[in-house]
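Each chain, written out:
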Amino acid sequence: MKGQAENEGEGSEGVNLKELKNKMYDFAEERDWDQFHTPRNLLLALVGEVGELSEIFQWKGEVPRGLPDWEEKEKQHLGEELSDVLLYLVRLSDICGIDLGKAALRKLELNAIKYPASLCQGS
Ligand SMILES: Nc1ccn([C@H]2C[C@H](O)[C@@H](COP(=O)(O)OP(=O)(O)OP(=O)(O)O)O2)c(=O)n1
């Protein structure tokens, strides 16, 4: 199993970072909001959204994977906050001139070197 959301809704599989980056670019351009999308502003917006994401889990204690007991409305809200975090992260990376996909792949490689599976099994 690759993840809890592996078999979820159609249409989500083809989404890529470039598409999200371009859509955020268009969103800002159409509103003349590019002037506000500075690195610091975007970082603060990102952190704010992480706070909103945290609020959803606040006081719930640990919850089982897949969130089986959550109402659909609650899960939809979670999806919205996760998306806000992702979108601001994508936009922040773009504004800073970082190729996020490339950077993330490189980081995965570094992680694998730092934590060799043979030495880290289950601990
Ligand atoms: N200057 C802005 C403001 C918003 N957005 C976009 C990116 C986020 O995906 C979303 C954030 O919108 P809100 O600030 O309205 O935040 P929420 O959607 O979380 O609403 P609320 O804080 O009322 O729950 O809109 C943006 O790109 N640039």
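Here the structure is a predicted model, which means the values were calculated and not measured.

Chemist: Which residues make up the environment of Arg106, and what values go with them?
Modeler: Note on placement: Arg106 falls in helix H4 (residues 100-114). The spacing of Arg106 and Lys60 is 46 residues in sequence and 35 Å in space, taken between C-alpha atoms.

Chemist: Please give an account of helix H3 (residues 72-95) that cites residues and values.
Modeler: Over its 24 residues, H3 extends 34 Å from the first C-alpha to the last, a length consistent with the 34 Å expected when each residue adds 1.5 Å. All of the buried residues in H3 are Tyr88, Val90, Arg91, Leu92 and Asp94. The elements touched by buried residues of H3 are helix H1 (17-30), helix H2 (39-57) and H4. Within two residues after H3, Gly97 carries a phi angle of roughly 75°, on the positive side.

Chemist: Tell me about the packing of H1 against H3, and please be specific about residues and values.
Modeler: Running from N to C, H1 and H3 cross one another at 80°; their axes reach a closest spacing of 9 Å. One finds that H1 runs roughly perpendicular with respect to H3. Facing Leu17, Leu20, Lys21, Met24 and Tyr25 of H1, the residues of H3 in contact are Leu87, Val90, Arg91 and Asp94. Per-class residue counts for the contact of H1 with H3 are 6 nonpolar, no polar and 3 charged.

Chemist: Can you lay out the site of the ligand for me, pointing to particular residues and giving the numbers?
Modeler: Contacts to the ligand come from Phe27, Trp33, Phe36, Glu52, Asp84 and Leu87. When grouped by side-chain class, the residues that make up the shell around the ligand number 4 nonpolar, no polar and 2 charged.

Chemist: Which residues make up the UniProt feature "domain: NTP pyrophosphohydrolase MazG-like" (unreviewed entry) in the protein, and what are the values?
Modeler: As recorded in UniProt, the feature "domain: NTP pyrophosphohydrolase MazG-like" (unreviewed entry) lies at residues 38-105. The span residues 38-105 shows a helical share of 72% and a strand share of 0%, and its end C-alpha atoms are spaced 25 Å apart.

Chemist: Describe the confidence of the model for the protein, and please don't skip the residues or the numbers.
Modeler: Per-residue pLDDT for the protein has a mean of 94; in total, 92% of the residues score no lower than 70. Overall fold confidence (pTM) sits at 0.92, and the ipTM for the predicted complex is 0.97.

Chemist: Could you give an account of the packing of H2 against H3, with specific residues and numbers?
Modeler: Between two packed helices, what matters for the description is the angle formed by their axes and the separation of those axes. Viewed as axis vectors pointing N to C, H2 and H3 meet at an angle of 160°, and their least axial separation amounts to 9 Å. Considering their axes alone, H2 and H3 lie roughly antiparallel with respect to each other. Considering only the axes of H2 and H3, their crossing is left-handed. Contacts between H2 and H3 involve Pro39, Leu42, Leu43, Ala45, Leu46, Glu49, Val50, Glu52, Leu53 and Ile56 on the former and, on the latter, His77, Leu78, Glu81, Leu82, Asp84, Val85, Tyr88, Leu89, Arg91, Leu92 and Ile95. Among the residues forming the contact of H2 with H3, the class breakdown is 15 nonpolar, 1 polar and 5 charged.

Chemist: I'd love a proper account of unusual backbone geometry, names of residues and values included.
Modeler: Positioned with a positive phi, Asp32 is a non-glycine residue whose angle comes to about 55°. Among the secondary structure elements, Asp32 is positioned in the loop between H1 and H2. The exposure class assigned to Asp32 is exposed, which follows from the 8 C-beta atoms found within 10 Å. Even without being a glycine, Leu67 presents a positive backbone phi close to 50°. Among the structural elements, Leu67 can be located in the loop between H2 and H3. We classify Leu67 as partly exposed; it has 14 C-beta atoms within 10 Å.

Rules used in this analysis
- Residues numbered from 1 in each chain as written.
- Predicted model: local features only at pLDDT ≥ 70, side-chain atom pairs only at ≥ 80, totals over all residues.
- Helix = DSSP H or I, 4+ residues; strand = E, 2+ residues; numbered from the N terminus.
- Expected span 1.5 Å × (residues − 1).
- Buried ≥ 20, exposed ≤ 12 C-beta atoms within 10 Å, placed from the backbone.
- Contact = placed C-beta atoms within 7 Å.
- Axes fitted to C-alpha atoms, helices over the stretch in contact; angles between N-to-C directions.
- Parallel < 35°, antiparallel > 145°, perpendicular 65-115°, else oblique.
- Nonpolar A, V, L, I, M, F, W, Y, C, P; charged D, E, K, R; others polar.
- Near = placed C-beta within 6 Å.
- UniProt positions renumbered as here; feature names shortened; annotations may be inferred.
- pLDDT = per-residue confidence, 0-100.
- Left-handed = near helix turned anticlockwise from the far one by under 90°.

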